[in-house]
Amino acid sequence: MLSINADEIVGLIAAFLTTIAFLPQAVKVYRTQSTDGLSLPMYVIMFVGVCMWLYYGLRIESLSVVVANTVTAVMQIFIIFNILKKRS
C-alpha cells in the first residue's frame, strides 16, 4: 500500500516541479497544433524512462514517484501522438 510520510511530501513537491516542466510544451502543442522542432526519439526515450520510473515507484510503493511519472507519461504520450500525427 502506498503511504505518505515526510520524505514522500518532499518527493511529491519535487515530483510536482519536475513534472510540471513538461506542461508548457504540451500546452503549446495543444494550442498551436505544431510539433515543429520537437525530437521524436527524445520523447520516446524519455517515455520509456518514465515508464521504468513508474514501475520502480510501484515496486517501492512511493506515491511521489508513481504520481509524477504517471502524469509525465500522459503528457509525453500526448506529445508523441501529435508528433506522429503530423508526420503521417
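For the structure, check the block above.
Residues numbered from 1 in each chain as written. Predicted model: local features only at pLDDT ≥ 70, side-chain atom pairs only at ≥ 80, totals over all residues. Heavy atoms only, no water.

Asks: Just checking my understanding: could you explain a nonpolar patch on the surface for this structure?
Replies: A grouping of I4, I9, I13, F16, L17, I20 and L23 is seen on the molecular surface, where their side chains present a nonpolar patch of about 670 Å² in accessible area. At five residues, helix α1 (residues 6-20) tops the list of elements feeding residues into the nonpolar patch. One can find I4 in the segment before α1. (Patch = residues over 30% accessible without salt bridge, like charges linked within 9 Å, V, L, I, M, F, W, Y side chains within 5 Å. Areas by Shrake-Rupley, 256 points an atom, 1.4 Å probe, with all protein chains shown as cover. Salt bridge = Lys/Arg side-chain N within 4 Å of Asp/Glu carboxyl O. Helix = DSSP H or I, 4+ residues; strand = E, 2+ residues; numbered from the N terminus.)

Asks: What exactly am I supposed to notice about the environment of A68 here?
Replies: Relative to the assigned elements, A68 resides in helix α4 (residues 63-87). Distance from A68 to F16, taken between C-alpha atoms, is 6.5 Å for residues 52 residues apart in sequence. Look past the residues within four positions of A68 in its chain and what remains in contact with it is A15 and T19. (Contact = heavy atoms within 4.5 Å.)

Asks: Explain the packing of aromatic side chains to me, please; I cannot follow it from the model alone.
Replies: How two aromatic rings sit relative to each other is set out by the distance from centre to centre and by the angle between their planes. One pass over the structure, following the stated rule, counts one aromatic pair. Ring centres 5.6 Å apart and planes at 80° place the aromatic pair W53 and Y56 in the edge-to-face group. Within this pair, W53 and its partner Y56 are both found in helix α3 (residues 40-60), separated by three residues, close to a single helical turn. (Phe/Tyr/Trp six-rings, centres within 6.5 Å; stacked < 30°, edge-to-face > 60°.)

Asks: Just checking my understanding: could you explain the nonpolar core for this structure?
Replies: In a soluble, globular protein the nonpolar side chains are often hidden away together inside. F22, A26, V29, L38, L40, Y43, M75, I79, I80 and I83 together form the largest nonpolar core, which totals ten residues. By residue number, the principal contributor to this core is α4, which donates four residues. Setting aside residues no more than four positions away along its own chain, L40 makes contact with I80, I83, L84 and R87. (Core = buried A, V, L, I, M, F, W, Y, C linked by side-chain atoms within 4.5 Å. Buried < 20%, exposed > 50% of the residue type's maximum accessible area, 1.4 Å probe, protein only.)

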